[in-house]
Amino acid sequence: MHKSLTTIDNYEFLLSNELRKFSEDELRETEDRRTQAIKALREWIMSNSRIDLARMDAKFLLRFLRAKKFNVAMAQDNLERFILLRNAREGMVFHDLDHLLPRMVELLDLGHIFVLPGRDDFNRRIIFYRPGVFDPSKYINLDMIKIFGICYETLMEDEENQIRGFVHVVDCAGLGLKHMTLFTPKEAVRIVKNGERIIPMRHKTVIAFNLSPSIKFAVDFGMALISEKMRKRINIYKDIDECDKIARDLLPAEYGGKIPMKQMIESWKNELAVKRDLILLHDKMQVKLDLYTEGEREGALSALKKPLGFNDESTNSMYGTQGSFRKLEVD
């Protein structure tokens, strides 16, 4: 049985020598280790009775290997949970990650989330967020998750991004209590924990500013729950003028840079268009859902602590009893 949705290719490292050395120093990536790890992942997919269809091209597999610094067992777990999460709830959350959907177009045009065209001093892509610009009575939590998924999956198709990691810049202006109601604190915990474990991205720096005192309690609560490693990478400022961790000319003109935000958003939409068909192909990846416990299917925190296939049943749903994140109970 052939399980691959894409060509099983012979990988060739075509990036710069500087990036080759960086990847070896940071991620333990060598030609021999990479070749063996890709081969091991492919053989594991073919022998794993729970996986029916997956991408098996080298670039896709490498995002998991690089995220886990070439620990093959961890990459296997990451990849399987990634496909499982996309299949859960009949794919209502992570399927159809299409930037051309009307609600996604609206959020993109608002500048809710987009990626700056330039790279920082460490050649990392910069994801820019403006979570306070949308009307929380018009959109639902699933819209937020979809637009983030579209952004992240598009970025991970670029090997340099896989290796260097990302910078997140968040303008909290306008973000208030009504926005907070889209996700309960318990929902946010599960989403963050699943995101840390399952989305194969290297988050290097987070910069946030214009934070309203009215939601500081939520930020403090969240900071107490994330890992110490991630907490050390978060930098909160009163305003962008206080921040010295990013060159101002990289930011939109409205924040002291050179290129108007609208132009940056259009540039990002062009990037999304190039990768659209490949991202939508992910909807065809399949696992046998009946071979997982409910806790595994729904991303229960207890299920994240054990190998797949060895979790106790959990009745807690990531999406609530009727598929709504609003009713989430964290375990």
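Just so it is clear, the structure is predicted and the values come from calculations on it, not from any experiment.

Draft legend 1. Quick look at the overall build of the protein chain. Each helix and strand in the protein chain was counted, giving 14 helices and seven strands. On the principal axes, the C-alpha backbone points of the protein chain span a range of 55 × 50 × 40 Å. Residue burial in the protein chain is summarised as follows: out of 331 residues, 51% are buried. Considering only intrachain contacts with a sequence separation of at least 6, the fraction spanning at least 24 residues in the protein chain is 75%. Surface exposure of the protein chain reaches about 15400 Å², of which carbon and sulfur atoms provide 54%.

Draft legend 2. Region of the structure containing the pairing of strand 3 (residues 125-129). Across the five residues of strand 3, five count as buried, placing the element largely inside the fold. Neither face of strand 3 is left uncovered, since the one carrying Arg-125, Ile-127 and Tyr-129 and the one carrying Ile-126 and Phe-128 both have all their residues buried. Across four bridges, strand 2 (residues 113-119) lies against strand 3 in antiparallel orientation. Following the sheet pairing, Val-115 is matched in strand 3 by Ile-127. From the end of strand 2 to the start of strand 3, which pair antiparallel, there are five residues, and Asn-123 there has a positive phi angle of about 60°.

Draft legend 3. Structural context of the pairing of strand 4 (residues 166-171). With respect to burial, strand 4 is a largely interior element, six of its six residues being buried. Neither face of strand 4 is exposed, since Phe-166, His-168 and Val-170 on one face and Val-167, Val-169 and Asp-171 on the opposite face are all buried. Here five bridges tie strand 3 to strand 4, and the two strands are oriented parallel to one another. Looking at the pairing, Arg-125 lines up with Phe-166 of strand 4.

Rules of the game
Residues numbered from 1 in each chain as written. Predicted model: local features only at pLDDT ≥ 70, side-chain atom pairs only at ≥ 80, totals over all residues. Heavy atoms only, no water. Helix = DSSP H or I, 4+ residues; strand = E, 2+ residues; numbered from the N terminus. Buried < 20%, exposed > 50% of the residue type's maximum accessible area, 1.4 Å probe, protein only. Contact = heavy atoms within 4.5 Å. Areas by Shrake-Rupley, 256 points an atom, 1.4 Å probe, with all protein chains shown as cover. Pairing = 2+ DSSP bridges.

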